[in-house]
Amino acid sequence: MKEKYDFHEIELKRQKYWAERGLNRTETDTSQEKFYCLEMFPYPSGKIHMGHVRNYAIGDVIARYKKMRGLNVLHPMGWDAFGLPAENAAIKHGVHPAQWTHENIDFMRKQLDRMGLSYAWDREVTTCNPEYYRWNQWFFLKLLERGLAYRKSSFVNWCPSCATVLANEQVPDGKCWRCDSVVIQKELEQWFFKITHYAEELLQDCDKLAGWPERVVLMQKHWIGKSEGVEVDFPIEGLDEKLRIFTTRPDTLFGVTFMCIAPGHTMAERLVEDKGKLDIIKEKYGKVEEKAGLFTGHYAINPLTNRKIPIYAANFVLMEYGTGAIMSVPAHDQRDFDFAKEYNLPIKVVIVPEKSAEEQKGESTEEKDFRTSEPPRAFEDEGTLINSGRFSGLRSSEAKQEIGKYVEEKGLGKRTVNYKLRDWGISRQRYWGTPIPIIYCERCGVVPVPEKDLPVILPVDVKFTGKGGSPLLESDAFLNVKCPKCSGKARRETDTMDTFVDSSWYFVRYCSKKDENPMDKGNIDYWMPVDQYIGGIEHAVLHLLYSRFFTRVLKDLGVLEYGEPFKNLLTQGMVTKETLKCPEHGWLFPEEARNEKCTLCGRPVELGRVEKMSKSKRNVIDPDVLINKYGADTMRLFSLFAAPPERDLEWSDKGVEGAYRFLNRVWGIIYKNSDKLRVARSELKDDNFGDSSLVTRHSLLLLRKTHQTIRKVTDDIEKDYHLNTAIAALMELVNDISSFNPEAEEDWPALHFAIKNTLMMLAPFAPHIAEELWGAIGEKDSIFEHPWPAWNETLAKEEELELVVQVNGKLRARIVVPAGLSDGEAQQRSLDDAKVKEIINGKQIRKVVVVKGRLVNIVTSNQ
RNA sequence: GCCGGUGUGGUGGAAUGGCAGACGCGACGGACUCAAAAUCCGUUGUCCGCAAGGGCGUGAGAGUUCAAAUCUCUCCACCGGCACCA
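Below is a short write-up of the structure. None of the values given here were measured: they were computed from a predicted structure.

How each quantity is defined
- Residues numbered from 1 in each chain as written.
- Chains lettered and ligands numbered in written order.
- Predicted model: local features only at pLDDT ≥ 70, side-chain atom pairs only at ≥ 80, totals over all residues.
- Heavy atoms only, no water.
- Core = buried A, V, L, I, M, F, W, Y, C linked by side-chain atoms within 4.5 Å.
- Buried < 20%, exposed > 50% of the residue type's maximum accessible area, 1.4 Å probe, protein only.
- Contact = heavy atoms within 4.5 Å.
- Helix = DSSP H or I, 4+ residues; strand = E, 2+ residues; numbered from the N terminus.
- Pairing = 2+ DSSP bridges.
- Axes fitted to C-alpha atoms, helices over the stretch in contact; angles between N-to-C directions.
- Phe/Tyr/Trp six-rings, centres within 6.5 Å; stacked < 30°, edge-to-face > 60°.

Observations regarding the nonpolar core
Residues Tyr36, Phe193, Trp651 and Phe765 are the most contacted members of the largest nonpolar core, which totals 178 residues. Those residues in contact with Tyr36 that sit more than four places away from it in its chain are Leu74, Pro76, Phe507, Tyr510, Cys511, Trp527, Met528, Pro529, Val530, Asp531 and Gln532. Formed by 36 residues, the second largest nonpolar core is a distinct cluster that contains Phe254, Val272, Ala292 and Val407.

Structure, rendered in structure tokens:
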């Protein structure tokens, strides 16, 4: 054993050792209890960053811990390999996206291996490989068969100068990221997945997500955005047509004084004569700052009151939600109220706050014109109905039901449910993605590629100009195809799929090995669902919702038994760091500032806020640099210790050194005692410590601390993965071990026991050093083949306790008492304490509260 | 605007009704050294006090309780999500 902790040497040695022993391979084995531990796979952008390090360090601790607990653990890794950056690299540097991607993957896989992560690489998934994406295409065909995939016209961002489609993130401030031209909306036929088919189920089953952070579940619920209401038809005066609206407030139907329709509504085109004016409203569509409306020149009839009300086209009415038309109740909706004031429209109060209903009775039921008695603002709460015919006097909640019923009985409309969730547009006018398996035949129309012809392979020999749309449009070999139905002339769909499709089922792919059928039911039944999923909060909605959607489809296809993909979810916080800013040179790298001055110009450096690590802010730490300087174990340990997993982690160079120091201390203790520890090993069995007569007093204390630490570390990991406090407990134990001096011969077994258990508990966090020191104390097999230590409750128990004595809630004394003292005895001893006596001094004792093993609180009268 | 989260020493954080500040960082003092680094030992919330001891203290204010960082209410600050959703 070397004196110095040489992490370079031992980390490489141990990584090789694990690989040779096949420690990370996983087999389906129904006789064993399984644990599926998954971290969100990365986009192969080129290098691992600190966010990845944290994510994968957390996952690796869990995987290794569960393995030591005797579970059959699946811990796989792969690559979310399709996406825009690869295509950008192709345009910019002339390197093919496939080459760029695969080179990045090879580099990043090595980086992950250097971290000592226990991945089952024999199950690695790479989404840009045809063997993977053929199943995306299979999904597409299955969805199409079930009517859950369809085509419709939709808008995309279009740069007229580059003649290309842009993703939202490529349109900063409404301009093209490459040429700064103003981006316009262009209408294209695109494919959609009907996720709304599952809207209700996705919402209902949110309640099954007990292992998810509440806020993520809440975000999903909000995103689905269910609201119940009524659709009502308003006849248009003088025309044999009706305008259908949706409202969640049927209780305000008697207060409707005008109507608004979206400027893109078909009715708007027909009703408005002056198309120029309508175009102005259309231009303002979606502008939140301004409310603009245009009287259509037509009136509708409120079917409940038979009143005539004007119809407006208004920029704030959304075409995509509800029916694209609304009834306006200015008295009870602030937006309508503002609009009514702007356009001089009447305001009719039909709801009053519940308590004043009595007072309001008998008051004028006349319509209130805002010019004579203007309510200061809309009353949006629920209340009691007035001015509402036979419904007056009802409470809002009752009226909603009653009016809903009435509307249905009279055939005026129906009760409905609306969701904010929209169908998922999956078409991307991009090259580097999964080809959509569709053929357009001149004779047969839209024809799906037959399943036997999958995969539709993405052609490699294409040109990347960045102009004129997808390179697939230029590939004749790809584009021209015979119709599978009539063998006539046809062309392929050139759009590719959104990369979220790739990540919506990759966790299912891992369940089977590379050469096995990905839809193998035996494997999937055994491994699914994922027991612990770990990743960033930024995927709280889309990725997680799409994955839930896909697992439901798989369930309906009979592949999966259970519809929820992820049983437990841990969303780890961001990795942040202080930023530095020079008034002249902007963001600075840490090395560009010395003594709080900019090294470029000498000006004082502004200490910026602590922000998420990003290249642009120059506050990044390169994991490679850290590994070279301190080793993977130190990097892992610090990123787990500095904050609980779900909170943000502020990077601290000094903190990293603290973690490094800790590992060096552990090394040093074992180095110092290594000869003796090997001998001590043979002299005892681990559980021989029940007989305390064998050990000296200070050995006993060390043993107790060891058992307490096993309990604490195990509890902390089990209880929501409080890895930071688990590490703190290990540090405490190491502090005790380090100050323990074996005096008698019989002290050595105790020291050995403490060290052995420390190493086992350290193993999931800092696997290389733990494995190496495991060998150094004479153990033969891998530490990861050894079960997680168990504690002995009797030995962990203190025999004496310090009781806190309070008088009137204030700490006044501490007394040492034997454990298990009765409440009465504890009370008596507290009262007997000299200090306490002095304070009480004749005051009357009103009450004594005894909390077993913790404290005694004596409550006295005032005097 | 609506919803959610966070707020504790010089600092990252611990304690989720019962000793506020575990553990780490930093700082200070000491040992080792010709010296420094590394390492080791000790001290470290704050105020008053020579000390013994005492007062104060978890964003602010109120409340519940024998007892509140923790529960309830009001407010403030910061962060995140959604946002014309009828």
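Remarks on the environment of Gly116
Structurally, Gly116 is set in the loop between helix 4 (97–114) and strand 4 (125–126). For the pair Gly116 and Phe7, spaced 109 residues apart in sequence, the C-alpha separation works out to 12 Å. In this structure Gly116 touches Gln15, Trp18, Asp60, Arg64, Arg636, Pro767 and His768, once residues within four positions along its chain are discounted.

Details of the sheet that holds strand 9 (residues 242–247)
Reading across the sheet, the three strands line up as 9-8-16 and stay open at both edges, with antiparallel pairing between neighbours. Where the open sheet ends on each side, the last strands, each with one partner, are strand 9 and strand 16 (413–419). Each strand of the sheet is rotated relative to its neighbour by a mean of 30 degrees, with strand direction disregarded. Alignment of strand 8 (residues 226–235) against strand 16, held across seven bridges, turns out to be antiparallel.

A word on the packing of aromatic side chains
Enumeration according to the criterion identifies 48 aromatic pairs in this entry. A centroid spacing of 3.7 Å and a plane angle of 5 degrees characterise the contact between Phe41 and Tyr506, whose relative ring orientation is stacked. Residue Phe41 is found in the loop between strand 1 (34–39) and helix 2 (50–68), and its partner Tyr506 is found in helix 14 (residues 506–509); the two are separated by 465 residues along the sequence. Residue classification places Phe41 among the buried positions, given a relative accessible area of 9%. Judged by centre distance (5.7 Å) and plane angle (20 degrees), the rings of Tyr150 and Phe192 are stacked. With Tyr150 in strand 5 (residues 149–159) and Phe192 in strand 7 (residues 184–193), this pair connects stretches of sequence that are 42 residues apart. Judged by its relative accessible area of 22%, Tyr150 is partly exposed. Residue Phe192 is classed as buried on the basis of its relative accessible area of 7%.

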